[in-house]
Amino acid sequence: MSGKTTREQIVTAADELFYHRGFEQTSFASIAEVVHLSRGNFYHHFKAKDDLLDAVIVARLAGTRAMLERWESEAADPAGRIRTFIDILLVNRVDIQTYGCPVGTLTSELAKLDHTALHAASGLFTLFRDWLSEQFTQLGHGDDADDLAMHLLAASQGVATLANAFHDERFICREVERLHDWLDTHVDNSRK
């Protein structure tokens, strides 16, 4: 974690622990231990766990925006960019099998807690939804772009949930292939 400020180190450690253990199960003490801080020094940066959660969500939103911008520059067309989104299931398959989707698990936990940060955390899904909708619009599916975006988000969340439940990498690979086939039908239809 070198090169980061102490506050950034705390947010990075909290993000990982929230993902691996869950928000409720992660204590200030466990985060301080990872960052090698005394509790007093830790409280200098964050007074309440909800403040730290807000910082984690802000960091995830910034990271997601940067990733989407990178995908925009790396893929030449909207179909390629959508494929990159689909392929994050493969890229992250080990973590997904072990912990589920970082966005899905956090929003599910916050919903169960009726936590005030749920709306902010759901903004991560909104980023993906809006971005995917724009890609489908560019493919010529303006009228149903949002429906297609939501379908793909729902499918990817379903794959992540079941892959986590069954720890089945082959399932992820099969479903990614099916999502690519599904996308191909929408690319082909947009050319007609």
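Residues numbered from 1 in each chain as written. Predicted model: local features only at pLDDT ≥ 70, side-chain atom pairs only at ≥ 80, totals over all residues. Heavy atoms only, no water.

A. Structural context of the layout of surface pockets. Looking at the largest pocket, its volume works out to about 700 Å³. In terms of lining, the largest pocket is formed by 26 residues, of which the most central are M67, I88, N92, P102 and V103. Put simply, the parts of the chain that give the lining of the largest pocket at least two residues each are α1 (6-21), α4 (49-74), α5 (78-91), α6 (93-99), α7 (102-112), α8 (118-138) and α9 (145-166). Across the lining of the largest pocket, the residue classes tally to 15 nonpolar, seven polar and four charged. (1 Å grid on protein atoms, 1.4 Å probe; cavity = no way out; pocket = protein on both sides within 12 Å on 5 of 7 lines; lining within 4 Å. Points joined across faces, edges and corners; volume = space filled by probe spheres on them. Helix = DSSP H or I, 4+ residues; strand = E, 2+ residues; numbered from the N terminus. Nonpolar A, V, L, I, M, F, W, Y, C, P; charged D, E, K, R; others polar.)

B. Layout of the nonpolar core. Counting residues in each nonpolar core, the largest one holds 57 residues, and the members touching the most others are I31, F42, L52, F85, F136 and L152. Mapped by element, the contributors of at least two residues to this core are α1, α2 (28-35), α4, α5, α7, α8, α9 and α10 (169-190). Considering each element in turn, this core owes the most residues, nine residues, to α4. Residues in contact with L52, not counting those within four places in the same chain, are I10, V11, A14, F18, F28, I31, F42 and F46. (Core = buried A, V, L, I, M, F, W, Y, C linked by side-chain atoms within 4.5 Å. Buried < 20%, exposed > 50% of the residue type's maximum accessible area, 1.4 Å probe, protein only. Contact = heavy atoms within 4.5 Å.)

C. Main features of the packing of aromatic side chains. One pass over the full model with this rule turns up eight aromatic pairs. Within the aromatic cluster, the residues linked to one another by ring pairs are F28, F42 and Y43. The ring of F23 has K49 lying over it, and the distance from NZ or CZ to the ring centre is 4.5 Å. (Phe/Tyr/Trp six-rings, centres within 6.5 Å; stacked < 30°, edge-to-face > 60°. Lys NZ or Arg CZ within 6 Å of the ring centre and 35° of its normal.)

D. Region of the structure containing the packing of α1 against α2. Closest axis-to-axis distance for the α1/α2 pair is 9 Å, and the angle between their directions is 125 degrees. One way to sum up the angle between α1 and α2 is to call them oblique. For the crossing formed where α1 meets α2, the hand is right-handed. Along the contact surface, α1 presents Q9, I10, A13, A14, L17, F18 and R21, while α2 presents S30, I31, V34 and V35. Taken together, the residues that form the contact of α1 with α2 break down as eight nonpolar, two polar and one charged. (Axes fitted to C-alpha atoms, helices over the stretch in contact; angles between N-to-C directions. Parallel < 35°, antiparallel > 145°, perpendicular 65-115°, else oblique. Left-handed = near helix turned anticlockwise from the far one by under 90°.)

E. Layout of the side chain of Q9. Tracing the backbone through its elements, the reader meets Q9 in helix α1. The exposure class assigned to Q9 is buried, which follows from its relative accessible area of 17%. A polar atom in the side chain of Q9 sits 3.1 Å from the backbone oxygen of K4. (Polar contact = N/O pair within 3.5 Å; in protein donor to acceptor, adjacent residues only side chain to side chain.)

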